[in-house]
Amino acid sequence: MALTPETTQAKTSMKKDLSYSEAAVLALQREMEADPRVVVLGEDVGRGGIFGQYKGLQQHFGPERVIDTPISEAAIMGAGVGMALAGLRPVVEMRVVDFALCGMDELVNQAAKNRFMFGGQGRVPLVARMPGGIWDASAAQHSQSLEAWFAHLPGVVVVCPSTPQDNHGLLRAALQCGDPVVYIEHKTLWGVRGEVDEGIDVPLGKAARVREGNALTLVSWSRQMQACAAACDALAAEGVAVDLIDLRTLWPWDRETVLSSCGRTGRLLVVHEAVQAAGFGAEIAASAAEATGCRVARLGAPRIPVGYAPVLEAQSRVGVEAIVAAAKKLAG
């Protein structure tokens, strides 16, 4: 049975059919209107960003608040950290997560640690947008899923929205957060459309229970949720009802929702697009096994670079058939 994702709702009639990118633009516009401290900086943001995720914002707010920068991720991230320490709430655009590696020192050694090292005297309330995942026909340097790197980093929040509604609600929550947020939107979800209700708040750290079932618990996030939902349809046709959970926030992750489901079903399958070795699914599986004693299984990409040729790229994808097979094996 499909469920409405668990969110905090306020009565409203402000529902719109929006794409994943349009939902992000709307969220950012609302936060910029509400708080003059919110600014944007990065490459190509003035023309709307390479995915349209800033479309029209520079025209609306001016180049003082939507700031085009030189091509230097280290400079962009460093400037964002300085802005945040000076009292602004910057949105730092990294174009894609692969390019963010050029700005890792500023994020890892400055943004993530400042609050701790200076006893809370400094705060770095920035949102670093780093589109991640396999980018169709874009090869190894533009198709990485690195969310586990950031989940391993103390001091940051890590968010991976899978729907337009969540991209709207979670981006607003991230902008209101007070700590650095690594915000990973999937590179190929921008055109996905869905109903977005501006009156729905999507809190950080709260998973969404998307389907209900007793055969096993299936946990995923970001674009991989599409394949998981399709797998659930195929399994349902064979009488296997799955409890499907969209984690949405990887850190802090919603232990209560996941462990409650695992305790009830006795089985957990974690599926992600990232390489399986040392992926974040291992953290969820180990935590569930320790807390509930449930049977666990993981399903992720092989430890290979993503190929450019379609036949090679396909080897790095976790498809519906593989998810169905893994679920049947675990439930059997």
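Everything quoted here is computed from the prediction, not taken from an experiment.

Caption draft 1: Just the environment of Glu-313, in detail. Take Glu-313: it is sitting in helix H12 (residues 310-313). Here the side chain of Glu-313 touches Arg-317 through a polar contact of 2.9 Å, side chain to side chain.

Caption draft 2: Structural detail: the packing of aromatic side chains. Enumeration over the complete set of coordinates arrives at four aromatic pairs. Here Trp-221 and Phe-280 contribute two aromatic rings whose centre-to-centre distance is 6.2 Å and whose plane-to-plane angle is 70 degrees, an arrangement assigned as edge-to-face. Of the two residues, Trp-221 is situated in the loop between strand E12 (216-220) and helix H9 (224-237) and Phe-280 in helix H11 (residues 280-292); the sequence distance between them amounts to 59 residues. Like Trp-221, the residue Phe-280 is buried in the burial classification. Following the ring pairs from residue to residue traces out a cluster consisting of Tyr-20, Phe-51, Trp-135 and Trp-190.

Caption draft 3: Focus on the nonpolar core. Counting 42 residues, the largest nonpolar core has Met-130, Phe-150, Leu-247 and Ile-284 as its most contacted members. Per-element accounting of this core gives the leading share, four residues, to helix H3 (residues 73-85). The contacts of Ile-284, once residues within four sequence positions are left out, are Val-219, Trp-221, Leu-247, Trp-253, Val-258, Leu-268 and Val-270. Within the second largest apolar cluster, 25 residues are counted, among which are Val-38, Val-127, Cys-177 and Val-181.

Caption draft 4: Layout of unusual backbone geometry. Residue Pro-252 follows Trp-251 across a cis peptide bond; omega there is -5 degrees. Looking at the element boundaries, Pro-252 is found in the loop between strand E14 (249-251) and helix H10 (255-265). Even without being glycine, Asp-44 reaches a positive phi, approximately 70 degrees. The topology assignment puts Asp-44 in the loop between strand E3 (38-42) and helix H2 (57-61). Classification of Asp-44 by relative accessible area gives partly exposed; the value is 25%. For Arg-95, which is not a glycine, the phi torsion comes out positive at approximately 70 degrees. Residue position: Arg-95 is located in the loop between strand E5 (89-93) and helix H4 (97-100). Taking the relative accessible area as the measure of exposure, Arg-95 reaches 17% and is therefore buried.

Procedures and definitions
Residues numbered from 1 in each chain as written. Predicted model: local features only at pLDDT ≥ 70, side-chain atom pairs only at ≥ 80, totals over all residues. Heavy atoms only, no water. Helix = DSSP H or I, 4+ residues; strand = E, 2+ residues; numbered from the N terminus. Polar contact = N/O pair within 3.5 Å; in protein donor to acceptor, adjacent residues only side chain to side chain. Phe/Tyr/Trp six-rings, centres within 6.5 Å; stacked < 30°, edge-to-face > 60°. Buried < 20%, exposed > 50% of the residue type's maximum accessible area, 1.4 Å probe, protein only. Core = buried A, V, L, I, M, F, W, Y, C linked by side-chain atoms within 4.5 Å. Contact = heavy atoms within 4.5 Å.

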